[in-house]
Amino acid sequence: MAPTILVGVDFGLPNFDGELEELGLLAQSAGLNPVARVTCKRKAPDAALFIGSGKADEIKLMATQLGAVEILFDQSLSPAQQRNLERHLELPVNDRTLLILEIFSQRARSHEGKLQVELAKMQYLSTRLVRRWSHLERQSGGIGMRGGPGETQIELDRRMIGENIKKIKERLVKVKRQRQTQRRQRERRDAFNISLVGYTNAGKSTLFNALVKARAYAADQLFATLDTTTRQLYLGEAGRSVSLSDTVGFIRDLPHGLIDAFQATLQEAVDADLLLHVVDAANPNFPEQIAEVQRVLVEIGAGEIPQLLVFNKLDALENDRRPLQLEDTFDLAGVATPRIFLSSKSGEGLQALRQHLARTVTGGASQEVQGEQSPENGEAVP
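The residue numbering used here restarts from 1 in each chain and proceeds along that chain's sequence as written. In view of the model being predicted, local features appear only for residues whose pLDDT reaches at least 70, and side-chain atom pairs are presented and counted only at 80 or more, with totals across whole chains, interfaces and linings using the full set of residues. Water and hydrogen atoms play no part in the side-chain values, which are based on all heavy atoms of the structure.

### Focus on the overall build of the protein
Within the protein one finds 13 helices and eleven strands. Contacts in the protein between residues far apart in sequence, at least 24 positions, make up 69% of those at least 6 positions apart. For the protein, the exposed surface amounts to about 18300 Å²; the carbon and sulfur share of it is 48%. Here a helix means four or more residues in a row that DSSP labels H or I, a strand means two or more in a row labelled E, and each is numbered from the N terminus. Whether two residues touch is decided by their heavy atoms; if any such pair falls within 4.5 Å, the residues are in contact. Only the protein chains shown count as covering a residue, and every accessible area follows the Shrake-Rupley method with a 1.4 Å probe.

Structure, rendered in structure tokens:
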């Protein structure tokens, strides 16, 4: 595993991760080995180096002492900042966006998933041609020549990437049509569609497996699942089956290119009749994670779909943090939204979830799922 130094800059924003914990988990998921974490405060990014020359010198010395071979930033860098940092530090420098793209590239399994990742990566690298391919900077000119072969090469590379992006988009359109056909078939069968959504590593796939007895890959790591999996879930209390889909997890500062590229996958959430919003109840930052999931849901057009909050990992809560009751409501953007505590791992609370879903499907909990304005009932937290 490549020794890597993690760098984060606090610009006074509320979501700054002072311990760089999430970046460290992302780095480990990508096969990197974080050997040091560096944070600093700034009012605004340095135009040239993002962190300023003094802090850059400090990181360079630390990298030499620790034998680090890569520097990883928690924020997105501009192509110029990335190029300047690499020249200053004399080491490869990458940012959070490329890291997430690399993880997605490693984990994608389906044809659609691979296409979506390839598209997002192409769009990202197209802005960094000069930085990524040093041969493009080598130019030679002479009398009567306006440019050099380097300039011609960069134009060719840009055209090649542009053509690849166009081809991938066309292929994704075909895949999207196939998905729409599958959804229309489900609609003709009068299927009730439920989608699992939530922050990455909240336990969506484990819950999915527990409900439908599937064998979807589940692991205690970020982005264990990328491709949407759909199965039929039989609810005995309702006497019918529903369609249950497990979707890709969300994360803070998810690259916009990925949101666009994964539109076909996330379409399962957009077309759902109910969203099971899975939350890691044992994570102290769960309010921020809920807010980030809500932001992405609004961005993809799923903000108005009824939700049921599933506070997972009940088995990981200390006794003094366990809720007094396993079913209550939670204030979600001013709306009292139904909430269920459970453990996908131990099975505690799963029967209550099934019963709630059965009531929802049969119409008995339609008002309950939509929620009512009742802030005083929604302040309970684990």
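### Comments concerning the pairing of strand 9 (residues 307–312)
The buried count for strand 9 comes to six of six residues, which makes it a mostly enclosed element. Residue alternation in strand 9 divides its side chains into two sets, Gln307, Leu309 and Phe311 and Leu308, Val310 and Asn312, and both sets are buried. When the strands point away from the viewer and the connection leading from the first strand across the helix to the second strand turns clockwise, the crossover is called right-handed. With helix 11 (residues 286–299) bridging strand 8 (residues 274–280) and its parallel neighbour strand 9, the resulting β-α-β unit is right-handed. Each residue's exposure class comes from its accessible area (1.4 Å probe, protein chains only) as a fraction of the maximum for that residue type: buried when under 20%, exposed when over 50%, partly exposed otherwise.

### Remarks on the layout of surface pockets
A cavity here means a set of points on a 1 Å grid, drawn over the protein atoms and nothing else, where a 1.4 Å probe fits but cannot get out; a pocket is an open set with protein on both sides within 12 Å along at least five of seven lines, and a residue lines either one if it has an atom within 4 Å of a point. Grid points are joined across faces, edges and corners, and a volume is the space filled by probe spheres set on the points. Taken as a whole, the largest pocket spans an internal volume of roughly 750 Å³. Lining the largest pocket are 27 residues; nearest its centre among them are Glu22, Tyr199, Asn283, Asn285 and Gln289. When residues of the lining of the largest pocket are traced back to their parent elements, those giving at least two are helix 1 (21–29) and helix 11. At five residues, the largest contribution of residues to the lining of the largest pocket is made by helix 1. For this classification, the nonpolar set comprises Ala, Val, Leu, Ile, Met, Phe, Trp, Tyr, Cys and Pro, the charged set comprises Asp, Glu, Lys and Arg, and every other residue, Gly included, is treated as polar. Of the residues in the lining of the largest pocket, the class split is nine nonpolar, nine polar and nine charged.

### Quick look at the packing of helix 4 (residues 96–107) against helix 5 (residues 111–125)
Note on definitions: angles span 0 to 180 degrees between N-to-C directions of axes, and those axes are lines fitted to C-alpha atoms, for helices only across the stretch in contact. Direction vectors running N to C along helix 4 and helix 5 enclose 155°, while the axes themselves pass 10 Å from each other. Viewed along their axes, helix 4 and helix 5 adopt a mutual orientation that is roughly antiparallel. Here the hand of the crossing between helix 4 and helix 5 comes out left-handed. Note on element contacts: helix 5 touches helix 4 through Val117, Ala120, Lys121 and Tyr124, opposite Thr97, Leu98, Leu101, Glu102, Phe104 and Ser105. In terms of residue class, the contact of helix 4 with helix 5 is built from six nonpolar, two polar and two charged. Reported orientations rely on four angle classes, namely roughly parallel under 35 degrees, roughly antiparallel over 145, roughly perpendicular from 65 to 115, and oblique for the rest. Each crossing gets its hand from how the near helix is turned against the far one by less than a right angle, where anticlockwise is left-handed and clockwise is right-handed.

### Things to note about the pairing of strand 1 (residues 2–10)
The buried count for strand 1 comes to seven of nine residues, which makes it a mostly enclosed element. As paired elements, strand 1 and strand 2 (residues 32–41) share nine bridges and run parallel to each other. Following the sheet pairing, isoleucine 5 is matched in strand 2 by alanine 36. Alignment of strand 1 against strand 3 (residues 70–73), held across four bridges, turns out to be parallel. By the bridge assignment for strand 3, isoleucine 5 is matched with isoleucine 71. A pair of strands counts as paired when DSSP detects no fewer than two bridges linking them.

### Regarding the nonpolar core
Put simply, a nonpolar core is a bunch of buried Ala, Val, Leu, Ile, Met, Phe, Trp, Tyr and Cys residues held in one set by side-chain atoms that sit within 4.5 Å of each other. Counting residues in each nonpolar core, the largest one holds 34 residues, and the members touching the most others are Leu26, Leu99, Phe223, Ile251, Leu297 and Ile300. Mapped onto this core, the elements with two or more residues apiece are helix 1, helix 4, helix 10 (263–270) and helix 11. With four residues, helix 4 is the largest single contributor of residues to this core. One finds Ile194, Val242, Val278 and Val310 within the second-largest nonpolar core, a separate group that totals 24 residues.

### Some remarks on the sheet that holds strand 11 (residues 335–341)
With respect to topology, seven strands assemble into an open sheet ordered 6-7-5-8-9-11-10, the strand pairing being mixed. Looking at strand neighbours, the two that pair on one side only are strand 6 (229–235) and strand 10 (327–332), the edges of this open sheet. Put simply, the sheet's adjacent strands are angled 30° from each other on average, direction ignored. Here strand 5 (residues 193–198) pairs with strand 7 (residues 240–246) via four bridges, running parallel. The residue bridging serine 195 from the neighbouring strand is serine 245, located in strand 7. Set on the sheet, helix 11 makes contact with strand 5, strand 8, strand 9 and strand 10; between it and strand 8 the angle comes to about 150°.

### Quick notes on the pattern of salt bridges
In the sections that follow, a salt bridge refers to a side-chain nitrogen of Lys or Arg positioned within 4 Å of a carboxyl oxygen of Asp or Glu. In this structure the tally under the stated criterion is eleven salt bridges. A salt bridge links lysine 121 to glutamate 102; its shortest N-O distance comes to 3.1 Å. You can see lysine 121 sitting in helix 5 and its partner glutamate 102 sitting in helix 4, a full 19 residues away along the chain. Given a relative accessible area of 28%, glutamate 102 falls into the partly exposed group. Each of Glu22, Asp74, Arg96 and Arg252 takes part in a single network of salt bridges with overlapping partners.

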